[in-house]
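# Summary of the model geometry
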Amino acid sequence: MNLSRNELVEKIESARIVLNASIDEGRDYEQIYQNSVELDQWIAQYIAAGF
């Protein structure tokens, strides 16, 4: 999947918002962990793309 820089930034920001909300809402560990993994994957793609 080749996303533009702006698309990746939007994905990262969206995943960050979801992660923060899951933490703020006191979701269970598994949900918070999955949200964290998703954010990490978007950040890894951003770095791999060389942005």
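Residues numbered from 1 in each chain as written. Predicted model: local features only at pLDDT ≥ 70, side-chain atom pairs only at ≥ 80, totals over all residues. Heavy atoms only, no water.

In total, this model carries 2 salt bridges according to the counting rule given. Salt-bridge contacts for Glu-13 lead to Arg-16; the nearest nitrogen and oxygen are separated by 2.4 Å. Taken as a pair, Glu-13 and Arg-16 lie in helix H1 (residues 5–24) at a separation of 3 residues, close to a single helical turn. Where Arg-27 meets Glu-25, a salt bridge forms, and the shortest distance between an N and an O atom there is 2.8 Å. Residue classification places Glu-25 among the exposed positions, given a relative accessible area of 51%. (Salt bridge = Lys/Arg side-chain N within 4 Å of Asp/Glu carboxyl O. Helix = DSSP H or I, 4+ residues; strand = E, 2+ residues; numbered from the N terminus. Buried < 20%, exposed > 50% of the residue type's maximum accessible area, 1.4 Å probe, protein only.)

Remember, this is a structural readout, not a statement about activity or role.
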